[in-house]
Amino acid sequence: MLCDIKSRTREELETQFQEWDEPAYRVDQLLHWLYARRVTNWDAMENLPKALRERLGGHYTLRSLELVGKRGAQDATQKFLWRLDDHSLIESVLIPASRALYGEASDRQTLCVSTQVGCAYGCKFCASGLDGWKRNLRVEEIVDQVLAVERWNAKQRQNPKPATRTQPDAACGPIHPARTTPPAARFIDNLVIMGMGEPLANYENLLKALRILNAPWGGGIGARKITISTSGLAPQIRKLADEPMQFRLAISLHGPSDAVRNRIMPVNRKYPVRELAAACEYYVRKKGKVITLEYILLAGVNADVEQAKPLAKLAHRLKAKVNLIPYNQVDGLAWERPSEAEQEAFLAAMERQKITATLRREKGHDIDAACGQLRLKTERERARDDEALNC
């Protein structure tokens, strides 16, 4: 099986080109077409000799994600549903920045990226794992989520349409730029690895993808603008702490105690709060960076103001900030978000404890933007259609 060109680092490509007796500058030209021009076929690489393009095509694939669905929210959040080459579906979510989320100016664009098809960790409130885990995403499938959204954005800019709440499904077509056309500026400038799947369970593929997306010759996204989330895989948190890259870390905590986390997050039985907290302390010591505790507010589970005290205690211990997220309803699950008054009361309780905390007014609440919801609906609709055809 051929590997995909977007899974290769610059160093790997330089080694290959040396073996082929190609001049070094050809690597620069290739990378420019891949990551600045974001082309989707070899023939678009106009300044590469035809013989080299044919050799590349015989040695590597150049796959691209197929856009099969997109929904737009009132707050400009966009959810993308991608089909992979094995017909699996994954999601990415484009989030316009707000100070309540990241403290960035409003022209910032953050992409929430998936790392697995499905999820094996079975958080009780999450749609991603309802149909189980299928596989890890390959390096190029992680990388191309960024490139595919940027191709979509470039296409929108070339062919602007009146804004609508819900856009029709469409496929991202290839871009064939003329040599005189300057490449589009980087559209995505922040990444949050918080989409479908447990990122640290796909550790090697994720880290290689992020090195490509971080590299000046690749995505060019600064390491400090990339946040990796985990539900609490303590050994991998320690491993990440020993990496040279300065990625940010977010913990999907959602409960300040074993009693709460055991109820809603099965991973806690393997890595309880004490072990998770120790791994986070190691990360903070090694990196010297503030981590974020992600805390979905679930009515009747963890949103009572009494839960704010142990959460604040843990945040103080880890020198962490807290991101409060009202639950985004998932079809088929009974969990509910607390009232706005309860949300504000919980935030006030955190602030009284001198914790830096934000309350997210859930982005994309009107487009099923929580992890896995659009994929789950589409998969189930497809299953119903297949069943009807077989009747």
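Anything mentioned here points back to the structure above.
Scoring rules and cut-offs
- Residues numbered from 1 in each chain as written.
- Predicted model: local features only at pLDDT ≥ 70, side-chain atom pairs only at ≥ 80, totals over all residues.
- Heavy atoms only, no water.
- Salt bridge = Lys/Arg side-chain N within 4 Å of Asp/Glu carboxyl O.
- Helix = DSSP H or I, 4+ residues; strand = E, 2+ residues; numbered from the N terminus.
- Buried < 20%, exposed > 50% of the residue type's maximum accessible area, 1.4 Å probe, protein only.
- Pairing = 2+ DSSP bridges.
- Right-handed = clockwise from strand over helix to strand, strands pointing away.

Undergrad: Can you help me understand the pattern of salt bridges in this one?
TA: Close approach of charged atoms allows side chains with opposite charge to pair. Evaluated as defined, the whole model comprises 25 salt bridges. A salt bridge links K6 to D144; the shortest N-O distance between them is 2.9 Å. One end of the pair, K6, is in the loop between β1 (3–4) and α1 (10–19); the other, D144, is in helix α4 (residues 139–158), and 138 residues separate them in sequence. A relative accessible area of 1% means that K6 is categorised as buried. On the basis of relative accessibility, which here comes to 1%, the residue D144 falls in the buried class. Its salt-bridge partner being D242, residue K286 comes within 3.4 Å of it at the nearest N-O pair. Placement of the pair is K286 in helix α9 (residues 273–287) and D242 in the loop between α6 (234–241) and β11 (248–252), with a sequence separation of 44 residues. Judged by its relative accessible area of 45%, D242 falls in the partly exposed class.

Undergrad: What am I meant to see in the pairing of strand β12 (residues 292–297) here?
TA: Within a regular strand, side chains alternate between the sheet's two faces. Most of β12 is tucked away: six of the six residues are buried. Burial along β12 is two-sided: the face carrying T292, E294 and I296 and the face carrying L293, Y295 and L297 are both buried. In this structure, β11 lies alongside β12, joined through three bridges in parallel fashion. Paired with A250 across the bridge in β12 is T292. Alignment of β12 against strand β13 (residues 321–326), held across six bridges, turns out to be parallel. Within the sheet, the bridge partner assigned to E294 lies in β13 and is N323. The parallel pair β12 and β13, bridged by helix α10 (residues 308–318), forms a crossover whose chirality is right-handed.

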